[in-house]
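Chain by chain, the residues run as shown.
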Amino acid sequence: MNVLECEGLAKAFDELVAVDDVGFHIAAGETYGLLGPNGAGKTTTISMISGILESDAGKVTVAGKEITTRTTDGNAEIGYVPQDIAIYPDLTARENLRFFGKLYGIPKASLGPRVDEVLEVIGLSDRGDDRTEEYSGGMKRRLNIGIGLLHEPSLLILDEPTVGVDPQSRNSILESVELLGQSGTAVLYTTHYMEEAERLCDRVAIIDGGKIRAEGTRRELVELVGQRDTINLGVIGSAYRLVEALESMPEIHKITAADASVEILVDGASSVLPRILEVAQQSEVGVSGVEVVEPNLESVFLHLTGKALRD
Amino acid sequence: MKAWAITTTNIKRLVRDPSTIFFVFVFPMLLILVLGASFGGGFTPKVGVHVAGDGVYAQGFADQIDANEEFESIDYSDSGALLEDVERGIVQMGVIIPANYDDTLASGGTATVEYVGRLDQSSVQYRASIEAVATDQSAVFGAARIVEGEGLADFDSAVTAAQLVASGPGGSEVVVSTTGEALFGDIGQFDLGAPSNLILFVFLTSLAGSAALIQTRRLGVSRRMVSTPTSIGQILLGETGGRFAVAMIQGLFIMVGSAVAFDVKWGNLLGAGVLLVLIALIGAGAGMLMGALFDNDEQAGSMGVFIGLGLAALGGAMFPLEVFPDTMVKVAHITPHAWAIDGFAELIRHGGTLASIATEVLVLMGFAVVLLVLGTWRLRAKLTH
Ligand SMILES: Nc1ncnc2c1ncn2[C@@H]1O[C@H](COP(=O)(O)OP(=O)(O)OP(=O)(O)O)[C@@H](O)[C@H]1O
Ligand SMILES: [Mg+2]
């Protein structure tokens with residue numbers, strides 16, 4: 001069952017079209033990535049999905065309930081983690097959590113224990129009673145996320161949650177997201193980090209200029225743009241003899257040789273590689289090293305939009 | 001209720017900030033104290049008394065001034081020092097009783113007592129009291145002189161006898177009462193300053209407090225609130241409640257604090273309470289409007305102080321409306337301040353009730369409704385666009 005369904009979302013700020021006909025769906029337990037550069041329209045899309053920004057067109061339902069800026073029912077299903085840290089600096093983490101817990105409608109009796117649980121999850125148990133203005137950037141980020149987890153939402157929306165975070169905090173954030181996905185939460189994750197999208201997301205939408213350019217699993221996206229694996233071989237002996245021997249193989253699209261190395265473009269490196277090594281042996285060319293480079297979303301993005309993900 | 005959670009969080013944040021504590025609670029009370037002490041009408045004036053000789057009657061004159069509750073009398077052994085202190089305002093007036101006072105009286109002459117005051121209105125008022133002492137003494141000495149002249153007793157014993165008669169019952173006494181309205185009324189020294197300060201500070205805090213609202217918006221906390229299952233109506237109600245609560249807490253503190261510490265009489269309690277609630281509502285509405293119109297909290301904070309002081313000056317919360325020319329009094333009434341001050345003046349000076357300030361209450365209600373509607377309307381738009 002789909003937790004989130006949205007279609008035809010559009011938003012313009014005066015002349016500027018920020019989001020144009022965006023639609024997708026996310027199933028329970030699925031992590032869906034919105035991958036796009038700065039200004040692509042990720043935050044605008046998410047704001048409309050969370051019911052905090054009036055859309056010009058389109059429809060959003062979460063767990064079967066329609067979301068607009070005027071509805072509140074469906075909002076209980078959403079945990080929204082904004083891109084910018086949205087916490088009171090002069091309150092403690094516990095006070096921030098209690099405050100938003102009340103707004104999420106968590107019953108009084110379970111609020112205290114739930115706040116403790118979340119503090120534990122985000123690793124702030126021992127700093128829970130300090131004012132958040134005394135926190136490090138990473139600690140603030142974790143609290144920012146924790147608030148969105150309070151009410152155990154069916155849909156967790158994370159807007160670039162790892163920006164400005166040290167590698168350790170970043171890793172713990174990514175691990176938490178993976179765990180949430182496994183526990184059945186639908187996750188909408190925006191990022192302009194290709195590696196994060198590849199690691200976390202079951203499906204990814206490439207968004208640019210307010211439009212979704214392509215959508216699918218990583219494999220699907222790669223295939224969609226006709227990207228191939230690259231095998232780099234380090235050779236001992238004549239690279240040219242190897243090139244000659246391999247040229248007849250149909251799986252090989254392109255092969256180029258340098259002094260002591262050969263670069264081979266293939267469909268599906270894993271199935272072709274054993275045969276290539278076999279041919280090398282038959283041709284009496286020694287192989288000193290093998291490297292397989294699978295195409296990534298970065299290259300998909302480049303192919304689709306003609307520009308790099310990060311400028 | 002979710003609005004309540006937002007309101008209480010507003011209050012929690014306020015009381016946690018030491019600088020607001022100072023400006024919201026300590027500063028207004030200090031100002032009431034300072035203004036009351038320097039400009040208030042009813043404090044005990046000090047009279048410096050220099051007795052040049054060592055005559056018994058001269059000392060009697062000084063003792064009688066000392067006995068007068070209206071004054072605090074201070075003895076000066078040096079007339080030069082006394083004159084200087086009068087000039088510097090350390091004492092409000094000086095009385096110099098010459099060395100030959102007793103001798104002149106005993107020889108049947110007219111003794112002169114020198115009164116030194118400054119050229120202000122209160123000086124004239126004080127002089128009357130000192131003159132009353134002189135008149136008292138003259139009566140005693142006049143009577144004694146008659147007794148002495150009849151050969152019934154010597155001057156000194158005649159004076160003693162006359163003094164006994166004067167302090168006993170009988171004779172005539174002038175009891176003073178007033179009619180009409182005095183410029184600065186016959187009221188406690190803090191009574192007028194306190195309401196003006198209340199209005200001034202509640203507005204100042206409300207307007208400057210819009211910074212907190214802008215900060216909440218800029219931090220994205222407001223948008224985050226919208227993302228929760230909380231209606232925008234509840235959020236607006238909560239934020240308005242927060243502004244209102246802060247204004248009420250401050251207003252109540254100033255009211256109760258000034259009543260307890262400086263004995264300020266606020267008049268009819270119901271009337272004063274209604275005025276306070278309306279002032280707080282208007283402050284809340286103005287704060288919401290500022291909070292929606294400005295996007296920069298520091299800018300709003302300083303503009304708030306600027307507008308707050310400007311409105312207070314215009315509306316008579318800094319200088320009494322009585323000293324304004326007529327047209328300015330009319331202009332002053334475009335501010336809620338002037339109406340609120342009128343209301344308090346009616347309650348405090350004329351023993352007015354809620355009924356007698358109905359006009360002021362209605363006008364203030366109008367201010368409150370307009371500002372609250374405008375404020376919430378603009379803020380609602382800011383939250384979802
Ligand atoms: N409130 C606004 N007013 C005017 N323009 C806006 C507003 N919000 C966003 N935009 C514009 O809309 C476009 C999309 O912005 P958006 O914040 O959705 O991008 P994003 O993908 O989240 O980028 P980033 O990775 O930098 O967060 C941008 O060109 C931005 O300048
Ligand atoms: Mg963004």
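Worth saying up front: this structure is predicted, and the values here are computed from it rather than measured.

(A) Structural view of the interface of chain A and chain B. Every contact between the two is made by 32 residues of chain A and, on the other side, 24 residues of chain B. Summing both sides of the interface, chain A and chain B together bury roughly 2600 Å²; the carbon and sulfur share of this comes to 60%. Broken down residue by residue, the surface that chain A buries against chain B is led by Ile52(A), Tyr88(A) and Leu103(A), which jointly contribute 25%. The interface formed by chain A and chain B holds two salt bridges in total.

(B) Inspection of the packing of helix 9 (residues 210-218) of chain B against helix 13 (residues 297-314) of chain B at higher detail. All names here are of chain B. Two numbers describe how helix 9 lies on helix 13: the axes approach to 8 Å, and their chain directions differ by 170°. One finds that helix 9 runs roughly antiparallel with respect to helix 13. Packed against helix 9, whose contacting residues are Ser210, Ala211, Ile214, Gln215 and Arg218, the element helix 13 presents Asp297, Ala300 and Gly301 at the interface. Here the contact of helix 9 with helix 13 is built from residues that sort into three nonpolar, three polar and two charged.

(C) Molecular detail of helix 12 (residues 269-293) of chain B. Between the first and last C-alpha of helix 12 of chain B there are 36 Å, a value that for 25 residues agrees with the 36 Å anticipated at 1.5 Å per step. For helix 12 of chain B, the side-chain oxygen to backbone nitrogen distance between the N-cap and Leu270(B) is 3.1 Å, and the N-cap itself is Asn268(B).

(D) Molecular detail of the sheet that holds strand 10 (residues 211-216) of chain A. All names here are of chain A. On the basis of which strands lie adjacent, the open sheet formed by six strands has the order 6-7-8-3-9-10 and mixed pairing. Two strands close off the open sheet at either side, each with one partner strand: strand 6 (78-81) and strand 10. Going from strand to strand, the sheet's axes swing by 15° on average, the running direction of each strand aside. Two strands pair when backbone bridges link them, and strand 3 (residues 31-35) and strand 8 (residues 186-191) are joined in this way by five bridges, in the parallel orientation. Counterpart to Gly33 in the pairing with strand 8 is Tyr189. On the sheet, helix 4 (residues 137-149) packs against strand 6 and strand 7 (155-159) and is oriented at approximately 165° with respect to strand 6. Contacting strand 3, strand 9 (203-208) and strand 10, helix 10 (residues 297-305) runs over the sheet at an angle of about 40° to strand 9.

(E) Layout of the site of ligand 1. Residue and element names in this part refer to chain A. In the neighbourhood of ligand 1, 13 residues make up the surrounding shell, with Gly39, Lys42, Thr43, Thr44 and Glu160 lying closest. In the environment of ligand 1, an oxygen atom lies 3.1 Å from a nitrogen or oxygen atom belonging to the backbone of Ala40. Contact distances for ligand 1 include 2.5 Å between an oxygen atom and a side-chain N or O atom of Thr44. Isolated, ligand 1 exposes 630 Å² of accessible area, and the fraction of that covered by the protein chains is 64%. Listed by contribution, the elements that provide at least two residues to the shell around ligand 1 are strand 2 (16-27) and helix 1 (42-49).

(F) Quick look at the coordination of the magnesium ion (ligand 2). Residues and elements named next belong to chain A. Coordination of the magnesium ion (ligand 2) by the protein is provided by Thr43 (OG1) and Gln83 (OE1), with metal-donor distances spanning 1.8 to 2.1 Å. A residue pair is termed long-range when its members are at least 10 positions apart, and Thr43 in helix 1 and Gln83 in the loop between strand 6 and helix 2 (93-103) qualify at 40 residues. By relative accessible area, which is 27% here, Thr43 ends up partly exposed.

(G) The arrangement of the packing of aromatic side chains in detail. All names here are of chain B. Tallied over the entire structure, the rule returns 11 aromatic pairs over all chains. Ring geometry for Phe25 against Phe253: centres 4.9 Å apart, planes inclined by 75°, an arrangement best described as edge-to-face. Taken together, the residues Phe25 in helix 2 (residues 18-39) and Phe253 in helix 11 (residues 232-262) connect sequence positions 228 residues apart. Residue Phe25 is classed as buried on the basis of its relative accessible area, which comes to 13%. Within the aromatic cluster, the residues linked to one another by ring pairs are Phe22, Phe23, Phe27 and Phe201. Above the face of the Trp377 ring, Arg378 is positioned so that its terminal group lies 4.8 Å from the ring centre.

(H) Broad picture of the domain arrangement of chain A. Per the domain assignment, the segments of chain A are domain 1 (2-223) and domain 2 (228-294). For domain 1 of chain A and domain 2 of chain A, the distance between their C-alpha centres works out to 44 Å.

(I) Fine view of the pattern of salt bridges. All names here are of chain A. Evaluation of the coordinates by the stated rule reveals 23 salt bridges over all chains. Two residues, Lys65 and Glu77, come together in a salt bridge whose shortest N-O distance is 3.0 Å. Linking Lys65 in strand 5 (residues 65-66) with Glu77 in the loop between strand 5 and strand 6, this pair joins segments that are 12 residues apart in sequence. Residue Lys65 is classed as partly exposed on the basis of its relative accessible area, which comes to 31%. In this structure Glu77 comes out as buried when scored by relative accessible area, which is 18%. For the salt bridge of Glu152 with Arg114, the shortest nitrogen-to-oxygen distance reads 3.9 Å. You can see Glu152 sitting in the loop between helix 4 and strand 7 and its partner Arg114 sitting in helix 3 (residues 108-121), a full 38 residues away along the chain. The class for Glu152 is exposed, based on a relative accessible area of 59%. Salt bridges sharing common partners tie together Glu30, Arg203 and Glu215.

The rules behind each value
- Residues numbered from 1 in each chain as written.
- Chains lettered and ligands numbered in written order.
- Predicted model: local features only at pLDDT ≥ 70, side-chain atom pairs only at ≥ 80, totals over all residues.
- Heavy atoms only, no water.
- Contact = heavy atoms within 4.5 Å.
- Buried area = accessible area lost by both parts, 1.4 Å probe.
- Salt bridge = Lys/Arg side-chain N within 4 Å of Asp/Glu carboxyl O.
- Axes fitted to C-alpha atoms, helices over the stretch in contact; angles between N-to-C directions.
- Helix = DSSP H or I, 4+ residues; strand = E, 2+ residues; numbered from the N terminus.
- Parallel < 35°, antiparallel > 145°, perpendicular 65-115°, else oblique.
- Nonpolar A, V, L, I, M, F, W, Y, C, P; charged D, E, K, R; others polar.
- Expected span 1.5 Å × (residues − 1).
- Polar contact = N/O pair within 3.5 Å; in protein donor to acceptor, adjacent residues only side chain to side chain.
- Pairing = 2+ DSSP bridges.
- Near = heavy atom within 4 Å.
- Areas by Shrake-Rupley, 256 points an atom, 1.4 Å probe, with all protein chains shown as cover.
- Donors = N, O, S within 2.8 Å, 3.2 Å for Na, K, Ca; no water.
- Buried < 20%, exposed > 50% of the residue type's maximum accessible area, 1.4 Å probe, protein only.
- Phe/Tyr/Trp six-rings, centres within 6.5 Å; stacked < 30°, edge-to-face > 60°.
- Lys NZ or Arg CZ within 6 Å of the ring centre and 35° of its normal.
- Domains from an automatic or database assignment.

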